[in-house]
Amino acid sequence: MGSPRREISVRWEKYVIVVTGATGNVGRALVAALVAAGEQVTATSRGITDGDVPSGVRTRRGDLVDADSLRPVFDGADTLFLQNGGPSAHLLNPNDILDAAKTGGVRRVVLLSSQGIATRPQSSSHGETGRSIEDAVRQGGLDWTILRPGGFASNAFAWVESVRAERTVAAPFGDVGLPTIDPSDIADVAAATLREDGHAGQIYELTGPALITPRQQAGAIGAALGEPIRFVELSRDEARVQLLRFMPEPVAETTLDILGNPTPAEQRVSPDVERVVGRPARTFADWAARNVAAFA
């Protein structure tokens, strides 16, 4: 049985929530969830347009690596969803971002961090940079909550082209399982922690409900399509060449370490999604079924 949901008191008054990274996998779903809950949202990213968000959402362009560009974004807001910068995390000055947020009126921040902060603390690409951002948030004088998701189910979008063209998935470590998480679940947890009292000072580890291997992911995509998908196992070196096309070498190496030799903590299924939102985390098959059109 899953863990019971925490008793949380909901803040029913309307207030402005700023969502950074609003065009990403988590940010886009979070904006939609907040709008559905009736909240006032300001969505921001470097190149955001009104067409990227539901009707009625205010959009403002801003760059996390340029805190001054965010000052107009924060004006009149009182709650912030802070994306950790992803590949640009090492360029962020989180103290400047938080100072700008406080000047604009923000009182609460929810940080999208990474499981690797705890599981790979010595990694410069996952642990050290992320830890410095988390430390700034914890010490920044605002109510804070930190979300640490593991691998995203949406990483499977990397297979779209090969599935469309050849009904093939190629990946390393085909039989090593990880509890990948649906970005929509991260968004639902974020929405709850942004809207409800009772989450201040909490760190939530977010995973899917079960381990799933790349080979099994390919099977789930095939089931969603109603067609068989051939799985081709790559060597570590072959996978490394592919990863280096879009990520720095230290990030690629750590990613391969996680995929091929995960720690027990990285394979642990966390109860925190159900604890916060009151339902089990979605399966990879659920994600594949919702996103099947991308692979068709």
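Higher on the page you've got the structure.
All chains use their own residue numbering, which begins from 1 and follows the written sequence. The model is predicted, so local features are restricted to residues of pLDDT at least 70 and side-chain atom pairs to those at 80 or more, both for listing and for counting; the totals for chains, interfaces and linings are taken over all residues. Hydrogens and water are ignored here; the side-chain numbers use all heavy atoms of the structure.

(A) A look at the overall build of the chain. Assigned secondary structure in the chain consists of 13 helices and 9 strands. Computed over its C-alpha atoms, the radius of gyration of the chain comes to 19 Å, within 12% of the 19 Å expected for a compact globule of 296 residues. C-alpha atoms of the chain, sized along the principal axes, occupy 55 × 40 × 35 Å. Across the 296 residues of the chain, 50% fall into the buried class. Contact definition: two residues touch when any of their heavy atoms are within 4.5 Å. A sequence separation of at least 24 residues applies to 76% of the contacts in the chain between residues at least 6 apart. For the chain, the accessible surface area stands at approximately 13300 Å², while carbon and sulfur atoms represent 49% of it. Secondary structure elements follow DSSP: runs of H or I no shorter than four residues count as helices, runs of E no shorter than two count as strands, and numbering proceeds from the N terminus. Taken over C-alpha atoms, the radius of gyration is set against a globule rule of 2.2 Å times the number of residues to the power 0.38. For the exposure calls, accessible area comes from a 1.4 Å probe over protein chains only, and a residue counts as buried if that area is under 20% of its type's maximum, exposed if over 50%, partly exposed in between. Here, Shrake-Rupley sampling with a 1.4 Å probe gives the accessible areas, and only protein chains in the shown set may cover a residue.

(B) Spatial organisation of the sheet that holds strand S8 (residues 202–206). Strand order in the open sheet formed by 7 strands is S3-S2-S1-S4-S5-S6-S8, and the pairing between neighbours is parallel. Among the strands making up the open sheet, the edge pair consists of strand S3 (58–61) and S8. Averaged over all pairs of adjacent strands, the angle between strand axes in this sheet comes to 15°, irrespective of strand direction. For two strands to count as paired, DSSP must find a minimum of two bridges between them. Sheet topology places strand S5 (residues 108–112) next to strand S6 (residues 143–149); 5 bridges connect them, and they run parallel. Within the sheet, the bridge partner assigned to Val 110 lies in S6 and is Thr 145. With respect to the sheet, helix H1 (residues 25–36) is in contact with strand S1 (16–20), strand S2 (40–45), strand S4 (79–83) and S5, its orientation differing from that of S1 by roughly 165°. Interaxial angles span 0 to 180 degrees and are taken between N-to-C directions of axes, which are lines fitted to C-alpha atoms, for helices over the stretch in contact.

The values are spatial; any link to function lies outside them.
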